[in-house]
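# Structural overview
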There are 2 protein chains.
Amino acid sequence: MSSAPLFEFITAIAGEAVSSAFEDAPLVDVHTHVYLPRYADALRARKDAPRIASLDIGGRTEERLLILDGEPAAGRPVGPQYWDREEKLKFMRRHNIDVSIVSLANPWLDFLSPDEAIRLANDLNVDMDAYCAGSPIADGLPSLRTLYGFGVLPLAPQVPVSAIVDAVRTLKNLPNVRGVIMGTRGVGAGLDDNTLEPLWEAIQASGLVVFIHPHYGVDSTAFGPRDNGHVLPLALGFPFETTIAASRLILAGVLDRYPDLKLLLAHSGGALPALSSRLASCVAHDPIVSTRLKHDARFYLGKLYYDAVAYGPDELSLAAAVVGRAHKYSESGGSYDAEKASRQLLFGTDHPFFPPLEETQRWRSVDENLAAIQEAQGLGVTAKDEVRGRNALRLFDLIS
Amino acid sequence: MSSAPLFEFITAIAGEAVSSAFEDAPLVDVHTHVYLPRYADALRARKDAPRIASLDIGGRTEERLLILDGEPAAGRPVGPQYWDREEKLKFMRRHNIDVSIVSLANPWLDFLSPDEAIRLANDLNVDMDAYCAGSPIADGLPSLRTLYGFGVLPLAPQVPVSAIVDAVRTLKNLPNVRGVIMGTRGVGAGLDDNTLEPLWEAIQASGLVVFIHPHYGVDSTAFGPRDNGHVLPLALGFPFETTIAASRLILAGVLDRYPDLKLLLAHSGGALPALSSRLASCVAHDPIVSTRLKHDARFYLGKLYYDAVAYGPDELSLAAAVVGRAHKYSESGGSYDAEKASRQLLFGTDHPFFPPLEETQRWRSVDENLAAIQEAQGLGVTAKDEVRGRNALRLFDLIS
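Residues numbered from 1 in each chain as written. Chains lettered and ligands numbered in written order. Predicted model: local features only at pLDDT ≥ 70, side-chain atom pairs only at ≥ 80, totals over all residues. Heavy atoms only, no water.

Labelled according to an unreviewed UniProt entry, chain A appears under the name Amidohydrolase 2, originating from Coniophora puteana. The Sequence similarities (unreviewed entry) comment attached to chain A in UniProt states, word for word, "Belongs to the metallo-dependent hydrolases superfamily." (UniProt positions renumbered as here; feature names shortened; annotations may be inferred.)

Here is the structure:
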């Protein structure tokens, strides 16, 4: 693949022996979260979800994160792993992760007033840049730091889109911020809201990667009254939300109008790959939408990037397949592209979520995602290395 | 595979030349619906959804099916294809379908009072048996008719489970009824409701196949205000509902307690295959459920049957893979089982839904599902024949 010489060139001019972590390939985590201290304080100041509350848990005072009202099991325990950079670096060293592209965790800013959202987005982006700027140089890639970040935008109800576009532009002044993370609600009516057209235009022009990440899931009554902990909202609700958001973007023609947008979907696109042929068939059979898009709906899956947070090799193979086949579904026809198939998948961990239930050296959730890449069908050895790191270095403009 | 000789034996003793339709393999449709005339009349008598209404559409009176309140585009046009057996047979001949296992279409009976639901279920099952009994002998398989059916159960709020169990038992007197179709709400609290334990026990004892089919989708506010026709509820909401229902059954331990249940999931299991490793990881990381089940959550996907209504080969391959790998996730360990992988997939069409927008000889939706089987990775030639028909003949006890 064309990137391999480039990468070798960069490590060669760095004038250092390639460290053991880089003997095969860099490991880059594109799905790893932080509650920046300023954001954690904002959550501590709140009386309603989302908030961080000090609760009495079995006689001990513990901080708990309550993301949604009526959260099961009194929320989840939070501590330094959620905000302390040293904890992030320790986790990375333990798992041989060379570079992380860190993002604020959900629910970002949509519970704030417009003025608060605009101010806090600005402050958090400056914080994120500083959080990354203070990180060590990456082992084996001395032109790079260990940490880069996604910024946030003031996406909250009533925020004028011009203010959001301004926020995109100011991100250019923050050298360690390489993208933006966002939920699926936009300014209240979803990401397919016509109001957001200038935002997509500005983001496309900026070259920033957009990480689309779920928060709300779907209406929880669907999960029934049985106590299944967080399993159903997390395992199903989260990916359903991402699937709906991406499908709405496709159906609104956003990917026809802004074909150079770099949209990264959380959790390997959720259920979008598995339902994409059904989606295409439903589009083709519905008189309301059948002639709206330039291409078969499956074409647009080749425009998207997918983290490799799928937990299983067969699931990840499907994400690769839907990217590889996308050009077969372009208006002008095309063929399966095996190289493209792997180029749009990027390793991730979802740290600090999914910690092991018992103390262990390595996290099971990380090893599941690494094993998924290792065992995925249809990806060659080089392609697997790309998924583990080089795809991310290229996408975030960290190597040319 | 062991079934091939059996099948050849049956066609041989039939003493007839195998017809052209059977030269390769029978084609059996397990996902094909009918609104039996008695049921259509019940829907015509209603003032609220679900109902069949006579509407003025552009100056012409048309019957429209309104499944949910606030249905987009004034519901869908309905006509003889929805209730007339001759139309079903014509569709089958046109697509070389040899045998169909017909089911009542959603929403079945859950809008009825308990007494009405019990009475109508009984009458509809007798109707279904007669609908099938009057069908021609299958070409090339003279021991079989063209049509067999799924029955319905009086699954509606407040119906005593004993009455539902009685309904299961009476199905034994209807020789052409080979299973039951049901939605996901049970008697109001979902299929993981403890109240339903005697029902699962009775169904397991009966050997009847349970076809789990969506109707409600998920809360439609998630799909936003843009008019996308029926696309999002059908393409995403339907499979999400099935995925949630199957996951809730797994988490409730129903498949641990009733391991011989034959559950057939609509639309290739929806998003369940694609989210199954995430589901397993969420279970393993959640203290509320991590020790509840006998096996890793992925094991249970090998207990399920999937129609091959996936519209794409990569999607269908994933359904095969999750069945094939299931034993790797049993408590006692195991290995990938390529033969099992294909055995639990069964061709379907979803007729009379997804009619082509323009008059054509063959339906695009049928050809998409046939092509998905033909092009699926990891299935050999024999396995593809099994998916097209023999798996169904075995599952529904039509060949031994």
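## Brief notes about the overall build of chain A
Looking only at helices and strands, chain A has 13 helices and 11 strands in total. Against the globule reference of 21 Å for 400 residues, chain A gives a C-alpha radius of gyration of 21 Å, in line with a compact fold. Oriented by its inertia axes, the alpha-carbon framework of chain A measures out at about 65 × 60 × 45 Å. The burial tally for chain A puts 63% of its 400 residues in the buried class. Taking the contacts inside chain A whose residues are at least 6 apart along the sequence as the reference set, 73% of them involve residues at least 24 apart. Accessible area for chain A stands at about 14500 Å²; split by element, carbon and sulfur atoms hold 49% of it. The averaged location of the 50 negative side-chain charges in chain A is 2 Å from the averaged location of its 38 positive side-chain charges. (Helix = DSSP H or I, 4+ residues; strand = E, 2+ residues; numbered from the N terminus. Rg over C-alpha atoms; globule rule 2.2 N^0.38 Å. Buried < 20%, exposed > 50% of the residue type's maximum accessible area, 1.4 Å probe, protein only. Contact = heavy atoms within 4.5 Å. Areas by Shrake-Rupley, 256 points an atom, 1.4 Å probe, with all protein chains shown as cover. Lys, Arg positive; Asp, Glu negative; His and termini not counted. Charge placed at Lys NZ, Arg CZ, Asp CG, Glu CD.)

## Things to note about the side chain of Glu197 of chain A
All names here are of chain A. If you trace the backbone, Glu197 turns up in helix H6 (residues 197-206). When its relative accessible area of 17% is taken as the criterion, Glu197 is described as buried. If we skip the residues at most four places from it in the chain, Glu197 touches Val254, Arg257 and Tyr258.

## Digging into the pairing of strand S8 (residues 209-212) of chain A
Here is the key point about a regular strand: its side chains alternate between the two faces of the sheet. Residues and elements named next belong to chain A. The two faces of S8 match: Val209 and Phe211 on one face and Val210 and Ile212 on the other face are all buried. As judged from the 4 bridges shared by strand S7 (residues 177-182) and S8, these two strands associate in the parallel manner. From the neighbouring strand, Ile181 faces S8, where its bridge partner is Phe211. In this fold, S7 hands off to H6, which returns the chain to S8; that crossover is right-handed. (Pairing = 2+ DSSP bridges. Right-handed = clockwise from strand over helix to strand, strands pointing away.)

## A short note on the packing of aromatic side chains
Tallied over the entire structure, the rule returns 17 aromatic pairs over all chains. Between the aromatic rings of Phe150 of chain B and Phe211 of chain B, the centroid separation amounts to 5.2 Å while the plane-to-plane angle is 35°, which identifies the pairing as tilted. Separated by 61 residues along the polypeptide, Phe150 of chain B in strand S8 (residues 147-151) and Phe211 of chain B in strand S10 (residues 209-212) bring together distant segments of the chain. Like Phe150 of chain B, the residue Phe211 of chain B is buried in the burial classification. Among the aromatic residues, those joined into a ring-pair cluster are Tyr35, Tyr39, Tyr82 and Phe353 of chain A. The lysine or arginine in question, Arg44 of chain A, covers the ring of Trp83 of chain A, its NZ or CZ lying 4.8 Å from the ring centre. If you follow Arg85 of chain A out to its NZ or CZ, it ends over the ring of Tyr131 of chain A, 5.9 Å from the centre. (Phe/Tyr/Trp six-rings, centres within 6.5 Å; stacked < 30°, edge-to-face > 60°. Lys NZ or Arg CZ within 6 Å of the ring centre and 35° of its normal.)

## Things to note about helix H4 (residues 114-133) of chain B
Under the 1.5 Å per step criterion, the end-to-end length of H4 of chain B is 29 Å for 20 residues, consistent within 8% with the ideal 28 Å. Taken as a whole, H4 of chain B has its buried residues at Ala117, Leu120, Ala121, Leu124, Asn125, Asp127, Met128, Asp129, Tyr131 and Cys132 of chain B. (Expected span 1.5 Å × (residues − 1).)

## Focus on the environment of Leu236 of chain A
Tracing the backbone through its elements, the reader meets Leu236 of chain A in helix H7 (residues 231-251). Leu236 of chain A sits in the buried class, given a relative accessible area of 1%. For Leu236 of chain A and Ile399 of chain A, which are 163 residues apart along the polypeptide, the C-alpha to C-alpha distance reads 35 Å. Beyond its immediate sequence surroundings of up to four residues, Leu236 of chain A is in contact with Phe223 and Val231 of chain A together with Thr243, Ile244, Ser247 and Leu275 of chain B.

## Re helix H6 (residues 197-206) of chain B
Listing the buried residues of H6 of chain B in full gives Glu197, Leu199, Trp200, Ala202 and Ile203 of chain B. The inward-facing, buried residues of H6 of chain B contact helix H5 (161-170), strand S9 (177-182), S10, helix H7 (231-251), helix H8 (254-257) and strand S11 (262-265) of chain B.

## Digging into the sheet that holds strand S3 (residues 60-66) of chain B
All names here are of chain B. A sheet is described by the order of its strands in space; here 3 strands give the open sequence S2-S3-S4, paired in antiparallel fashion. With one partner strand each, in any of the chains shown, strand S2 (51-57) and strand S4 (76-77) form the two edges of the open sheet. Contacting S2 and S3, helix H2 (residues 37-44) crosses the sheet at an angle of about 65° to S2. (Axes fitted to C-alpha atoms, helices over the stretch in contact; angles between N-to-C directions.)

## Describing the domain arrangement of chain A
Residues and elements named next belong to chain A. Each assigned domain of chain A is listed with its residue range as follows: domain 1 (3-36 + 83-395) and domain 2 (37-79). Relative placement of domain 1 and domain 2: their C-alpha centres are 26 Å apart. Among the residues domain 1 hides against domain 2, the three largest losses belong to Trp83, Phe111 and His230. Together they make up 38% of the total. In this assembly, domain 1 and domain 2 are joined by 2 salt bridges. Here Arg38 ties to Asp123 by a salt bridge, and the two come within 3.7 Å at their closest N and O atoms. Among the elements that take part in the side of domain 1 that touches domain 2, helix H4 (residues 114-133) stands out by supplying 4 residues, more than any other. (Domains from an automatic or database assignment. Buried area = accessible area lost by both parts, 1.4 Å probe. Salt bridge = Lys/Arg side-chain N within 4 Å of Asp/Glu carboxyl O.)

## Examining the relation of the copies chain A and chain B
With an RMSD of 0.0 Å, chain A superimposes on chain B once it is rotated by 180° and translated 0.0 Å along the axis. Given the turn and translation reported, the copies of this chain are related as if by a two-fold rotation axis. Taken as a fraction of all interface residues of chain A, those also at the interface in chain B reach 99%, which identifies the copy contact as same-surface. (Least-squares fit on C-alpha atoms with pLDDT ≥ 70 in both.)

## Focus on the packing of helix H5 (residues 161-170) of chain A against H6 of chain A
Two packed helices can be described by the angle between their axes and the distance between those axes. All names here are of chain A. Two numbers describe how H5 lies on H6: the axes approach to 9 Å, and their chain directions differ by 10°. Our classification of the angle between H5 and H6 gives roughly parallel. Contacts between H5 and H6 involve Val161, Ile164, Val165 and Val168 from the first element and Pro198, Leu199, Ala202, Ile203 and Ser206 from the second. (Parallel < 35°, antiparallel > 145°, perpendicular 65-115°, else oblique.)

## Some points on the environment of Pro26 of chain A
All names here are of chain A. Structurally, Pro26 is set in the loop between helix H1 (3-13) and strand S1 (28-34). By relative accessible area, Pro26 is classed as buried at 1%. In sequence terms Pro26 and Thr382 are 356 residues apart; their C-alpha atoms lie 12 Å from each other.

## Here we look at the packing of H2 of chain B against H4 of chain B
Residue and element names in this part refer to chain B. Between H2 and H4, the shortest axis-to-axis distance is 9 Å and the interhelical angle comes to 140°. Contacts from Arg38, Tyr39 and Ala42 in H2 reach Leu120, Asp123, Leu124 and Asp127 in H4. For the contact of H2 with H4, the per-class residue count stands at 4 nonpolar, no polar and 3 charged. (Nonpolar A, V, L, I, M, F, W, Y, C, P; charged D, E, K, R; others polar.)

## Quick look at the nonpolar core
Counting 284 residues, the largest nonpolar core has Leu153, Trp200 and Phe396 of chain A together with Leu153, Trp200 and Phe396 of chain B as its most contacted members. Ranked by the residues each element gives to this core, the list is headed by H7 of chain B, at 13 residues. Discounting chain neighbours no more than four positions away, the residues touching Leu153 of chain A are Leu109, Ala121, Ile164, Ala167, Val168, Leu171, Val180, Met182, Leu199 and Ile203 of chain A. (Core = buried A, V, L, I, M, F, W, Y, C linked by side-chain atoms within 4.5 Å.)

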